[in-house]
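# Summary of the model geometry
In case you want the letters, here they are:
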Amino acid sequence: MKTVVLAGGFATRLRPLSCSRPKTLFPIVNKPLLQWIFEELAVNDVKEVILAVNTLTQFHIRQQKLPKYGLKIKYAIDPPKMPLGTAGPIKNTEKIVGHDEPFVVLNGDILTSINYKQLMDTHIKTKALATIALCEVDDPCRYGVAELEKGNRIKSFIEKPAKGQAPTNFINAGAYILSPKVFDYIPRGKQCSIEREVFPLLAKEQKLFGHMFNGLWMDIGKPEEYLLTNKIILDRLISANKIKIFKNVKAEMPVAIDRHVGIGKKTVVGPYAVLGKNVVIGDNVQICNSVVFPDAKIGDNTTVSGAIIGEGAIVGKNVQVNNGCIIADQAKIGDNVNLIEDFAVCPAKEVSETILKRNIIC
Ligand code: GTP
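These numbers come from a predicted model, not from an experiment.

### Some words on the pattern of salt bridges
Applying the stated criterion across every chain, the model contains 18 salt bridges. Beyond isolated ion pairs, a larger network of salt bridges with shared partners links Arg21, Glu311 and Asp329.

Pasting the structure below:
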């Protein structure tokens with residue numbers, strides 16, 4: 001099976017953390033999301049992965065030197081200054097993918113345990129042109145929603161329906177099988193949306209099918225979803241006994257602590273804290289429900305709760321970093337600062353006084 005991974009979007013909802021890294025490289029429990037995706041694809045018998053990206057994303061991915069788990073990795077690059085949307089980049093892979101057999105397409109911002117072989121079996125059995133992996137959610141309005149009829153044919157596909165207008169709770173999980181014929185539905189070198197332009201047309205022509213699945217499915221598109229994904233993976237790793245317990249750290253499990261992390265006296269880590277490589281934490285710090293990216297420093301007597309601290313960021317002493325705060329890469333928070341909930345600081349910016357208004361410092 002060949003798989004196209006779409007990973008060239010702007011990740012606007014994850015700003016300011018996505019100003020300096022693509023969404024697909026956000027760490028999930030200290031491992032880039034794309035590495036989790038490679039691992040999952042390799043165990044699903046995928047042999048070749050085509051990363052549909054822009055040049056900047058390609059640069060970031062290459063720099064990471066991720067393990068490939070035996071996969072052959074190729075790139076299909078969007079034209080300069082012209083993002084192609086979610087269908088245009090698929091057309092851009094036409095020469096690499098070829099016309100011999102159906103292939104998998106996967107959003108590069110989801111973590112899922114979909115069984116691609118089963119998805120492919122459904123696709124072949126129904127003679128569909130496209131088969132979407134569907135999962136059931138409580139609030140479908142933020143997603144693409146499928147209305148199903150007999151034999152799992154998708155009668156209509158509606159992207160982000162208005163509140164109360166969703167025909168079902170079955171949503172596009174961001175993974176699908178396409179037959180090469182679908183290339184004919186996408187214009188070359190133009191921006192095109194698979195969800196808004198291609199799927200509705202295929203549904204009308206009765207060539208679009210759905211495949212329900214119940215396994216793990218997480219979308220990291222928004223900061224709260226990103227934190228939740230880390231939490232769920234921490235829970236899974238602890239149940240599988242795959243989390244290292246550190247003897248000299250006061251940890252309320254589950255927590256994950258990467259290599260070369262320094263932790264001061266009386267500091268309590270967790271529950272649900274992820275500390276990246278080379279992080280340094282002072283004395284008497286409380287840190288829970290948070291992710292700290294590599295090389296960040298947190299000063300004595302500081303509290304971090306429900307927040308994300310970017311790579312190389314420096315948080316001073318006696319600081320309160322409250323729920324929903326995002327401190328981007330290399331940003332600096334001075335001593336004795338209290339950051340109100342949902343406050344965001346852009347890369348390399350400094351905050352030296354307490355912030356009481358919800359805002360973003362750019
Ligand atoms: P937001 O700006 O926060 O909505 O994120 P996004 O546009 O990056 O992601 P969205 O969920 O809309 O896109 C789904 C997947 O398609 C993600 O994995 C994106 O990286 C990818 N994607 C979106 N737009 C493009 C594009 O123009 N080119 C390429 N190559 N991939 C894209």
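Read on for the rest.
### Overview of unusual backbone geometry
In this structure, the amide linkage connecting Met253 to the following residue, Pro254, adopts the cis form with an omega of 0°. Residue position: Pro254 is located in the loop between strand S14 (250-251) and strand S15 (255-257). For the bond from Gly270 to Pro271, the omega torsion is 0°, close enough to zero to count as cis. Residue placement: Pro271 occurs in the loop between strand S17 (268-269) and strand S18 (273-275). In this structure, Ala11 takes a positive phi of about 50° despite not being glycine. Within the fold, Ala11 resides in the loop between strand S1 (2-6) and strand S2 (27-28).

### Here's the deal with the site of the ligand
In the vicinity of the ligand, 20 residues are found, and the nearest of them are Leu6, Thr12, Arg13, Asp78 and Gly85. Gly9 is positioned such that a nitrogen or oxygen atom in its backbone is 2.9 Å from an oxygen atom of the ligand. Between Ala11 and the ligand, the recorded distance is 3.0 Å, taken from a backbone N or O atom to an oxygen atom. If the ligand stood free it would expose 610 Å²; the protein chains cover 83% of that surface. Among the residues making up the shell around the ligand, the classes are represented as 9 nonpolar, 7 polar and 4 charged.

Each value, and the rule that gives it
Residues numbered from 1 in each chain as written. Predicted model: local features only at pLDDT ≥ 70, side-chain atom pairs only at ≥ 80, totals over all residues. Heavy atoms only, no water. Salt bridge = Lys/Arg side-chain N within 4 Å of Asp/Glu carboxyl O. Helix = DSSP H or I, 4+ residues; strand = E, 2+ residues; numbered from the N terminus. Near = heavy atom within 4 Å. Polar contact = N/O pair within 3.5 Å; in protein donor to acceptor, adjacent residues only side chain to side chain. Areas by Shrake-Rupley, 256 points an atom, 1.4 Å probe, with all protein chains shown as cover. Nonpolar A, V, L, I, M, F, W, Y, C, P; charged D, E, K, R; others polar.

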